[in-house]
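Residue strings, one per chain:
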Amino acid sequence: VNVLLSYRWPGNVRELINEAERIIALHREKDILTGSMISERIRKDEKIFYGGGELSLRDAVERLERRMIKNALESCRGNRTRSARHLGISRQGLLNKIKRYELENSHGS
């Protein structure tokens with residue numbers, strides 16, 4: 001299930017619905033979702049993101065944090081106050097992280 005949560009879903013809801021329908025169609029007899037039921041392309045994205053288990057916890061957390069900040073800035077069209085609110089952190093905390101991850105030029109800031 002973490003694979004589904006960490007995937008970026010570039011096709012948004014439509015892609016998620018298609019994946020859910022595919023899993024249901026292929027695994028009707030199953031009551032529990034397992035990682036092997038999920039499309040290879042989605043599982044592959046998680047391996048790329050997490051480094052296939054080769055990353056340290058610190059590196060994985062930093063990669064996730066950086067990705068979430070970039071996504072928030074994108075979805076809030078560069079508005080840092082709204083992005084910080086969306087992420088549940090202070091605006092100053094967001095500014096510090098933007099500087100730390102060298103995201104100053106992201107999304108027209």
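Residues numbered from 1 in each chain as written. Predicted model: local features only at pLDDT ≥ 70, side-chain atom pairs only at ≥ 80, totals over all residues. Heavy atoms only, no water.

## Observations concerning the nonpolar core
Logical step 1: Core analysis: the largest hydrophobic core is formed by eight residues, namely Val3, Leu4, Tyr7, Trp9, Ile23, Met37, Ile38 and Ile42.
Logical step 2: Beyond its immediate chain neighbours, meaning those up to four positions away, isoleucine 23 contacts Leu33, Met37 and Ile38.
Logical step 3: Within the second largest apolar cluster, seven residues are counted, among which are Leu73, Ile98, Tyr101 and Leu103. (Core = buried A, V, L, I, M, F, W, Y, C linked by side-chain atoms within 4.5 Å. Buried < 20%, exposed > 50% of the residue type's maximum accessible area, 1.4 Å probe, protein only. Contact = heavy atoms within 4.5 Å.)

## Topic: the packing of helix H4 (residues 57-75) against helix H5 (residues 80-87)
Each pair of packed helices can be summarised by the angle the axes make with each other and by the distance between the axes.
Logical step 1: Taken N-terminus to C-terminus, the directions of H4 and H5 make an angle of 130°; their axes are 9 Å apart at the nearest point. Considering their axes alone, H4 and H5 lie oblique with respect to each other. In this structure, H4 crosses over H5, and the sense of that crossing is right-handed. Residue-level contacts link Met68, Ile69, Ala72, Leu73 and Ser75 of H4 to Arg80, Arg82, Ser83, His86 and Leu87 of H5.
Logical step 2: Taken together, the residues that form the contact of H4 with H5 break down as five nonpolar, three polar and two charged. (Axes fitted to C-alpha atoms, helices over the stretch in contact; angles between N-to-C directions. Helix = DSSP H or I, 4+ residues; strand = E, 2+ residues; numbered from the N terminus. Parallel < 35°, antiparallel > 145°, perpendicular 65-115°, else oblique. Left-handed = near helix turned anticlockwise from the far one by under 90°. Nonpolar A, V, L, I, M, F, W, Y, C, P; charged D, E, K, R; others polar.)

## Structural notes on the environment of tryptophan 9
Logical step 1: Residue position: tryptophan 9 is located in the loop between helix H1 (2-6) and helix H2 (12-26).
Logical step 2: Tryptophan 9 sits in the buried class, given a relative accessible area of 13%.
Logical step 3: A C-alpha to C-alpha distance of 8.9 Å links tryptophan 9 and isoleucine 42, two positions 33 residues apart in sequence.
Logical step 4: Once you skip the residues sitting within four places of it in the chain, tryptophan 9 turns out to touch Leu4, Glu15, Leu16, Glu19 and Ile42.

## Brief notes about unusual backbone geometry
Logical step 1: Even without a glycine there, the phi angle at arginine 77 is positive, about 50°.
Logical step 2: Mapped onto the elements, arginine 77 comes out in the loop between H4 and H5.
Logical step 3: Positive phi outside glycine occurs at glutamate 102, with the angle close to 55°.
Logical step 4: Looking at the secondary structure, you find glutamate 102 in the segment after helix H6 (91-100).
Logical step 5: Given a relative accessible area of 67%, glutamate 102 falls into the exposed group.

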